[in-house]
Amino acid sequence: MDFQKLLLDVGKALSMGEERALAFLCTDLLGRNPATVKSASDLFSRLGYQDHLSAERPHLLTELLHIIQRHKLIRDLDLSDGASTTGSLISPYRKLLYNLSEEITDDDLKDVKFLLDKDLPRKKLEENVSTLEVFLDMEHKDLISDNNLNLLETIISKVCPVLKDKISQFKALQVTHTSPVAQESGRPRSMSSPIAPNQVRQSLGPERSASCEMPEFPSLAESYVNTSITSMDLPNAFSGGDESEALVLGLSSLNTETSRYASLKGHLKINHVEMLPSQENKASSEPQASQTTNTDIEGLEEYPMTAAKRGICLIVNNCNFMPVLPNRDGTILDEKCLRKVFMWLGFEVEVKRDCKREEMLSVLRKLGSRNHSEMDCLVCCVLSHGKEGCVSAVDGQTVEIKELKEPFNGLNCASLAEKPKLFFIQACQGTSKQTAVSICADGPAAPSPVCSDASKANDSIPSDADFLLAMSTVPSYVSFRERKKGTWFIQSLCQNLVQMVPRGYDLVSILTKVNADVSKKTDSTGVKKQMPQPAFSLRKKVVFPIPEALPPSLSRV
């Protein structure tokens, strides 16, 4: 039977509740809020686009139907079960939540919502909100995760004590699986699951990697690993050349392209592994040995990126300063690039141009007063002249860096508490130049194709939690802007976001690459230099989900 026709038949056979259940179970694979899935056909299309579901590999469909107990449908459609060779793509954690939702009655759910009255917004506890939706909202608020079920266990023990055993059994299994050869749960790291200190997040190309569960890299999931490591379905060619350590029962360093994580229900764990064809046989016959890497050290978590909206990206672009200061020619290019990139990342972009001091503060305060509870984070980009510790408004007055952040701290904007607030400041932190060559700073000077935006930043390290402040240059120095190409810092930031987000890099790693790229830039004389500087009080990694849309072309800006 034609596979697309088969998927259509499955979709027609499912109820709306079953469609939502399948979307929930696939939350980790989709890397997004399952509420955005409109139908079974929409879900199957997304899974197919991400290489999880095809005529050659229908096993995920079979697994999903097994979980929701549509066994007759499986028989009627003659779907094969490949779980024994491919392993489970749905994490035990996700199955646990689904099974609990099936056992919780309507009366139980009312009691659950009552107990969560102080933790979730009222509209998330309305009568028409399902159990699975409540669980998702608890995840969005970071109240539960695969390694933190304490609150859920407490609530279940009060509402329906008989179900507490399911959670206890899962937690006991989890303890077993977090031994040196543990199984990853399969839940995406955007849901705040810890990352081992020695795990590397990167992917250097479109080639597939030898992994089995890659929730945040669904488009890269090509091969599956079983417990014996003898049935790896590896790609035929790789273009990567990075050396990476394989943390699998004594597998040594291999030439890798990378996947972020791999796991199977065979309790085998592979971190950052991809093998060349010539290494396949060698790996399959590698003797088992105990793993010596210390896995007891608590790793970094990631901020959840699963809300209905990614967040607001505010761009304050001050260009026309005459006669107070020189105009900032070239800044419109930066604005266009930032708009395209952050829209691609799922942000709602708002632009404010040529703001006076009070206008800048008003815009920031209004944004801070808005409800961000349905959003993952906030981005604020300020493109302007500046002095150390502040940026300039077009009326010549200044706004201190701490004034930019103040409307968004935990006291003034509760809906952004524990969420990342990301500030990108294109402005120098002083008037000194990193070389003795004369350069056009944003002040009275002769015209030059390369200019600078000086801004000071005594308050460069955020005092409140969950802030990131990426300055275009180090304290006391200028930053450069090309009149026809935009600023070195913003252009490098946009280019690296486009290149590195699809490879799974976190934001601090991306900014480190920006540092490296900008530090290599110079003008036609070969001596003018700039060094950006990020500073942050982040408690977790910031990893943007991989957009479904193709990356924007910045060359056309």
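Here the structure is shown first, and the text comes after it.
About the criteria used
Residues numbered from 1 in each chain as written. Predicted model: local features only at pLDDT ≥ 70, side-chain atom pairs only at ≥ 80, totals over all residues. Heavy atoms only, no water. Helix = DSSP H or I, 4+ residues; strand = E, 2+ residues; numbered from the N terminus. Contact = heavy atoms within 4.5 Å. Polar contact = N/O pair within 3.5 Å; in protein donor to acceptor, adjacent residues only side chain to side chain. Pairing = 2+ DSSP bridges. Right-handed = clockwise from strand over helix to strand, strands pointing away. Phe/Tyr/Trp six-rings, centres within 6.5 Å; stacked < 30°, edge-to-face > 60°. Buried < 20%, exposed > 50% of the residue type's maximum accessible area, 1.4 Å probe, protein only. Axes fitted to C-alpha atoms, helices over the stretch in contact; angles between N-to-C directions. Core = buried A, V, L, I, M, F, W, Y, C linked by side-chain atoms within 4.5 Å. Parallel < 35°, antiparallel > 145°, perpendicular 65-115°, else oblique. Left-handed = near helix turned anticlockwise from the far one by under 90°. Nonpolar A, V, L, I, M, F, W, Y, C, P; charged D, E, K, R; others polar. Salt bridge = Lys/Arg side-chain N within 4 Å of Asp/Glu carboxyl O. Lys, Arg positive; Asp, Glu negative; His and termini not counted. Disulfide = S-S within 2.5 Å.

Examining the side chain of Asn 496
Looking at the element boundaries, Asn 496 is found in helix H17 (residues 488-500). Apart from the residues within four sequence positions on either side, Asn 496 is in contact with Val 501, Ile 510, Lys 513, Val 514 and Asp 517.

Details of the environment of Asn 147
Along the chain, Asn 147 falls in the loop between helix H10 (131-140) and helix H11 (150-159). One polar contact links Asn 147 to Ser 145, side chain to side chain, over a distance of 2.7 Å.

Here we look at the pairing of strand S6 (residues 347-353)
Here strand S5 (residues 309-317) pairs with S6 via seven bridges, running parallel. Across the sheet, residue Asn 317 finds its bridge partner in S6, namely Arg 353. With helix H14 (residues 331-344) bridging S5 and the parallel S6, this β-α-β connection has right-handed handedness.

Quick word on the packing of aromatic side chains
All told, the structure shown has six aromatic pairs when counted by the stated rule. Consider the rings of Phe 342 and Phe 424, whose centres lie 6.1 Å apart with planes at 45 degrees: the pair is tilted. Within this pair, whereas Phe 342 is found in helix H14, its partner Phe 424 is found in strand S11 (residues 421-426), the two being separated by 82 residues in sequence. The class of Phe 342 is buried, set by a relative accessible area of 0%.

Description of the sheet that holds S5
With mixed pairing, six strands are arranged side by side in an open sheet as S6-S5-S7-S11-S14-S17. Of all the strands in the sheet, just S6 and strand S17 (533-536) have a single pairing partner and so form its edges. Taking the axes of each pair of neighbouring strands and ignoring which way they run, one obtains an average angle of 15 degrees across the sheet. Note that strand S7 (residues 375-383) and S11 share six bridges and pair parallel. Across the sheet, Val 379 pairs through a bridge with Leu 422, a residue of S11.

Things to note about H10
Counting buried residues along H10, eight of its ten residues qualify, which places the element largely inside the surrounding structure. For H10, the full list of buried residues reads Thr 131, Leu 132, Val 134, Phe 135, Leu 136, Asp 137, Met 138 and Glu 139. Turning to H10, the residues buried within the fold contact helix H2 (16-25), helix H3 (27-30), helix H8 (92-103), helix H9 (106-115) and H11.

Quick look at the nonpolar core
Of all hydrophobic cores here, the largest spans 59 residues; its most connected members are Val 10, Phe 44, Leu 61, Leu 65, Met 138 and Leu 152. Discounting chain neighbours no more than four positions away, the residues touching Leu 61 are Leu 6, Leu 7, Val 10, Phe 44, Leu 53 and Leu 79. Core analysis: the second largest hydrophobic core is formed by 39 residues, Met 305, Phe 347, Val 349 and Val 498 among them.

Some words on the packing of H14 against H17
Taken N-terminus to C-terminus, the directions of H14 and H17 make an angle of 20 degrees; their axes are 9 Å apart at the nearest point. Accordingly, the angle class assigned to the pair H14 and H17 is roughly parallel. In this structure, the crossing between H14 and H17 has a hand that is left-handed. Counting all contacts with H14, which are made through Leu 333, Asp 334, Cys 337, Leu 338, Val 341, Phe 342 and Trp 344, the residues of H17 involved are Ile 490, Gln 491, Leu 493, Cys 494, Leu 497 and Val 498.

Focus: helix H4 (residues 40-49)
Taken as a whole, H4 has its buried residues at Ala 40, Asp 42, Leu 43, Phe 44, Arg 46 and Leu 47. In the core, the buried residues of H4 are packed alongside helix H1 (3-13), H2, H3 and helix H5 (59-67). In the segment just after H4, Asp 51 is the residue with positive phi, at about 65 degrees.

Focus: the packing of H17 against helix H18 (residues 507-520)
One way to put it is that H17 packs onto H18 with a least axis distance of 9 Å and a crossing angle of 130 degrees. Between H17 and H18, the interaxial angle falls into the category oblique. Considering only the axes of H17 and H18, their crossing is right-handed. Contacts between H17 and H18 involve Trp 488, Phe 489, Ser 492, Leu 493, Asn 496, Leu 497 and Met 500 on the former and, on the latter, Leu 507, Ser 509, Ile 510, Leu 511, Lys 513, Val 514, Asp 517 and Val 518. Grouping the constituent residues of the contact of H17 with H18 by class yields ten nonpolar, three polar and two charged.

Observations concerning the sheet that holds strand S9 (residues 390-392)
The three strands are arranged S8-S9-S10 in an open sheet whose pairing can be described as antiparallel. The sheet is open, and its two borders are formed by strand S8 (386-387) and strand S10 (398-400), each paired with just one other strand. Running at roughly 35 degrees to S10, helix H15 (residues 357-369) makes contact with S9 and S10 of the sheet.

Re the pattern of salt bridges
Taken as a whole, this structure holds 19 salt bridges when the rule is applied. Among the ionic pairs, Asp 28 bridges to Arg 94, the shortest N-O distance being 2.7 Å. Here the residue Asp 28 occupies a position in helix H3, and Arg 94 occupies one in helix H8, the gap between them amounting to 66 residues. The same class applies to Asp 28 as to Arg 94, namely buried.

Thoughts on the side chain of Lys 113
As for its placement among the helices and strands, Lys 113 is situated in helix H9. Buried within the structure, Lys 113 lacks any salt-bridge partner; its nearest side chain of opposite charge belongs to Glu 133, at an N-O separation of 7.1 Å.

A closer look at the state of the cysteines
Under the counting rule described, the total for this entry stands at zero disulfides. In this model Cys 494 remains outside any disulfide bridge; the closest cysteine sulfur is found in Cys 337, 5.0 Å from its own. Assessed through its relative accessible area of 0%, Cys 494 is described here as buried.

A few points about unusual backbone geometry
Each neighbour pair has its own omega, and for Met 322 with Pro 323 the value is 5 degrees, a cis peptide bond. The residue Pro 323 is located in the loop between S5 and H14 in this model. Positive phi outside glycine occurs at Gln 69, with the angle close to 60 degrees. In this fold, Gln 69 is placed in the loop between H5 and helix H6 (71-76).

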